[in-house]
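# Fold and contact review
The primary structure of each chain is shown beneath.
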Amino acid sequence: MESVTSVLPIAAIVLVLSITIVPIAPGVLTLFIFGSVALIFGMSLFTMGAGMAMQPLGAGIGATMSRSKRNFIKLVVCFVLGVLITIAEPDLQVLAELMPAVDNMVLIMSVAIGVGIFMVISMLRTKFGVRLSYLLMAFYAVVLVLACFAPANFVPTAFDSGGVTTGPITVPFIMALGAGMASVHGSHHGEESFGTVALCSVGPIMSVMVLSLFMPSSAQAYAHETFEASFATTKDAFMYIAREIPHYAYEVLVAFLPIVAVFILFQLIFKRFHGNELPRAIIGFVYTYIGLVLFLCAANVGFMPAGQLIGEKLAESKFAYILIPVGMLIGWFTVAAEPAVHVLKKQVEEISNGTIRQGTIGIGLSVGVACSVGIAMLRVLTGIPLFPFMVGGYVISLAISFFVPPLYTGVAFDSGGVASGPMTTTFILPFATGACAALGGNILTDAFGIVAMVAITPLITIQCIGLFAELRRRARHKQAATELGNIDDSIIYFDDEREAVR
């Protein structure tokens, strides 16, 4: 039901657009319909599998490392896990393919090392109880300084890399790892349970900006290709998707092997899973694998062409500025289809003991992503640089963090990384590149950066929810104190009367 309610609104929007203002080729629409069905099944299996395998594994490793007395070994293991889990992230492969002038492995390894370093920093933060907002303020200050020296065409890609790194494979594992480390220190329900994803999103931005300083100007290129699909029958379209599945099955298998190796090694050494837990975890890995194959195939084959063509057609129409409201509507519903968002919402409700509801987080994310895509479409239409929005967004979000409970800060910054997942990469980003290409803009500077925008606005909206909750809590406490004071006055008055009678 979660998957159906997440995907159907997007499908409805595309179908309505295809028969009204944006007629698209029947082949593309057929692929989109088949992709929607595959997306529903893929998301269902992935969500179940992540809860059965990825999260228990991450929590177990986090708790085990925190209990260990060998600090150096813990840091090395944390770094290696960060590198391996990032290399396994399919979203990063998509971003690497979109930058053909930069060697894929160079970009992937740069991002992976950045994540590994910040996994270590996150572990040290949990150990010493450093407040998340202080670390984020310091690291994002460094990011903004680096952005002033990095080539302009690389800045949007660097910010986007921070969003795509925290995708469907990394998020369940990293969030559970952070919660596992925090639980050993007795802070399972505090700020330390969240924030690991947020810190791991900073590392790729820094590493890609540093990499850009050593790249030749010829690497600042992007080749836009329009997808065309023509099928005689619906069976041909279905067979086209079926032929693509082995490619994604192999890609996900290669990505999964390091995680499976970590699971086997961890189980052999620590015997973490007992009785029915072991077969349940194995079945969970199978669910996660099949679900991710279906999801990525549906997103890349079914959703990416549709997003690109809708963006092109809207930009070529007489009412190009309709890109803004349509983009906001797509952004509102697309974030609900991100598989890692469901993992985040459930974990937030569990760790907060129900004080932060899943629906509340969902609304905050939808509002934030809708605003992000609207601003991104404005940039596509006008060519406004990304950098001012990044500076303003981080300044506002970090300023709010000093007025809200620390738990909300951790949830908000984790939400930013979670919101910018495969649906953003394979549907919203092609939507922006298609519109930008039709308008004759610079895709690297005007369209790229939309993933970064999707990652930054939830930081503000989720913390605003926390700020509102904190103001309500203070108002209730003030009202309760006033009522208690009135009760005390009545008791004193009653005692005075009894003394007078005596």
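The subject of this paragraph is the overall build of the protein chain. Secondary structure summary: the protein chain contains 19 helices and zero strands in total. Rg of the C-alpha trace for the protein chain: 24 Å, near the compact-globule value of 23 Å for 502 residues, within the 12% margin. With the C-alpha coordinates aligned to their principal axes, the bounding extent of the protein chain is approximately 100 × 60 × 50 Å. Looking at the protein chain as a whole, 56% of its 502 residues are labelled buried. About 20500 Å² of surface is accessible on the protein chain, with carbon and sulfur atoms providing 68% of the total.

If you walk through the whole model with that rule in mind, you get two cavities of 30 Å³ or more. By volume, the largest cavity amounts to about 130 Å³. As for the largest cavity, its lining consists of 15 residues, and the residues nearest its centre are Tyr140, Ser201, Tyr394, Gly416 and Ala455. The element best represented in the lining of the largest cavity is helix H19 (residues 450-501), accounting for four residues. Split into classes, the residues belonging to the lining of the largest cavity amount to ten nonpolar, five polar and no charged. Along the walls of the second largest cavity sit Leu57, Leu81, Leu84, Ile85, Phe173, Pro258, Ile259 and Val262, which together make up its complete lining. Classifying every residue of the lining of the second largest cavity gives eight nonpolar, no polar and no charged.

On average, residues of the protein chain carry a pLDDT of 82, and 90% of them reach 70 or more. Mean pLDDT per element in the protein chain: helix H4 (residues 90-98) is the minimum at 68, and helix H12 (residues 323-334) is the maximum at 92.

As a rule of thumb, nonpolar side chains are buried together in soluble globular proteins. One finds Ile61, Tyr140, Phe159, Ile169, Met209, Met377 and Phe427 to be the most contacted residues of the largest nonpolar core, which totals 155 residues. Contacts of Tyr140, omitting those with residues within four sequence positions, involve Val202, Ile205, Tyr394, Leu398 and Phe413.

Our focus in this paragraph is the packing of helix H2 (residues 26-67) against helix H13 (residues 339-351). It is at 9 Å that the axes of H2 and H13 come closest, and there the two elements cross at 50 degrees. In terms of their interaxial angle, H2 and H13 are classed as oblique. Once H2 is placed against H13, the crossing between them reads as right-handed. Seen from H2, the contacting residues are Met43, Phe46, Thr47, Ala50 and Gln55; seen from H13, they are Pro339, His342, Val343, Lys346 and Gln347.

Two cysteines form a disulfide when their sulfur atoms are joined by a covalent bond. Inspection of the entire model under this criterion finds zero disulfides. Just so you know, Cys200 is unpaired, no disulfide at all, and the nearest cysteine sulfur is the one on Cys78, 7.9 Å from it. Here Cys200 falls in the buried class, since its relative accessible area comes to 1%.

Contact geometry for helix H9 (residues 196-212) and helix H16 (residues 406-419): axes closest at 7 Å, N-to-C directions at 55 degrees. Judged by the angle between their axes, H9 and H16 are oblique. Handedness of the H9/H16 crossing: left-handed. Contacts between H9 and H16 involve Thr196, Val197, Ala198 and Ser201 from the former and Phe413, Asp414 and Gly417 from the latter.

The next subject is the packing of aromatic side chains. Each aromatic ring pair is specified by the distance between its two centres and by the angle formed by the two planes. Following the criterion strictly, the structure yields ten aromatic pairs and no others. Taken together, a centroid distance of 5.6 Å and an interplanar angle of 70 degrees make the contact between Phe303 and Phe427 edge-to-face. Of this pair, Phe303 sits in helix H11 (residues 277-316) while Phe427 sits in helix H17 (residues 422-439); the two residues are 124 residues apart in sequence, bridging distant segments of the chain. Phe427 matches Phe303 in its accessibility class, with the two residues each being buried. Through pairs of rings, three or more aromatic residues link up here, namely Phe256, Phe263, Phe285 and Tyr289.

Our focus in this paragraph is the pattern of salt bridges. Applying the stated criterion across every chain, the model contains three salt bridges. Salt-bridge contacts for Arg473 lead to Glu470; the nearest nitrogen and oxygen are separated by 2.7 Å. With Arg473 and Glu470 both in helix H19 and three residues apart, the pair spans about one turn of that helix. Residue Glu470 is classed as buried on the basis of its relative accessible area of 10%.

On to the side chain of Asn300, then. Tracing the sequence through the fold places Asn300 in helix H11. In this structure the side chain of Asn300 is engaged in a polar contact, spanning 2.7 Å, whose partner is the backbone oxygen of Leu296.

Attention now goes to the side chain of Asp446. Relative to the elements of secondary structure, Asp446 occurs in helix H18 (residues 443-447). At 4.8 Å, Arg379 is the nearest oppositely charged side chain to Asp446, a buried residue that forms no salt bridge. Only 3.3 Å separates the side chain of Asp446 from the side chain of Thr445, close enough to count as a polar contact. Excluding anything up to four places from it in sequence, Asp446 contacts Arg379, Val380, Gly383, Cys436 and Gly441.

Quick look at the environment of His477 now. Tracing the sequence through the fold places His477 in helix H19. Looking at His477, the relative accessible area reads 48%, which means it is partly exposed. His477 sits 230 residues away from His247 along the chain, and the two C-alpha atoms are 58 Å apart.

With twelve residues, helix H7 (residues 154-165) extends 16 Å from end C-alpha to end C-alpha; this agrees with the ideal 16 Å at 1.5 Å per step. For H7, the tally of buried residues reaches twelve of twelve residues, placing the bulk of the element in the interior. Listing the buried residues of H7 in full gives Phe154, Val155, Pro156, Thr157, Ala158, Phe159, Asp160, Ser161, Gly162, Gly163, Val164 and Thr165.

Reading the values: the criteria
Residues numbered from 1 in each chain as written. Predicted model: local features only at pLDDT ≥ 70, side-chain atom pairs only at ≥ 80, totals over all residues. Heavy atoms only, no water. Helix = DSSP H or I, 4+ residues; strand = E, 2+ residues; numbered from the N terminus. Rg over C-alpha atoms; globule rule 2.2 N^0.38 Å. Buried < 20%, exposed > 50% of the residue type's maximum accessible area, 1.4 Å probe, protein only. Areas by Shrake-Rupley, 256 points an atom, 1.4 Å probe, with all protein chains shown as cover. 1 Å grid on protein atoms, 1.4 Å probe; cavity = no way out; pocket = protein on both sides within 12 Å on 5 of 7 lines; lining within 4 Å. Points joined across faces, edges and corners; volume = space filled by probe spheres on them. Nonpolar A, V, L, I, M, F, W, Y, C, P; charged D, E, K, R; others polar. pLDDT = per-residue confidence, 0-100. Core = buried A, V, L, I, M, F, W, Y, C linked by side-chain atoms within 4.5 Å. Contact = heavy atoms within 4.5 Å. Axes fitted to C-alpha atoms, helices over the stretch in contact; angles between N-to-C directions. Parallel < 35°, antiparallel > 145°, perpendicular 65-115°, else oblique. Left-handed = near helix turned anticlockwise from the far one by under 90°. Disulfide = S-S within 2.5 Å. Phe/Tyr/Trp six-rings, centres within 6.5 Å; stacked < 30°, edge-to-face > 60°. Salt bridge = Lys/Arg side-chain N within 4 Å of Asp/Glu carboxyl O. Polar contact = N/O pair within 3.5 Å; in protein donor to acceptor, adjacent residues only side chain to side chain. Lys, Arg positive; Asp, Glu negative; His and termini not counted. Expected span 1.5 Å × (residues − 1).

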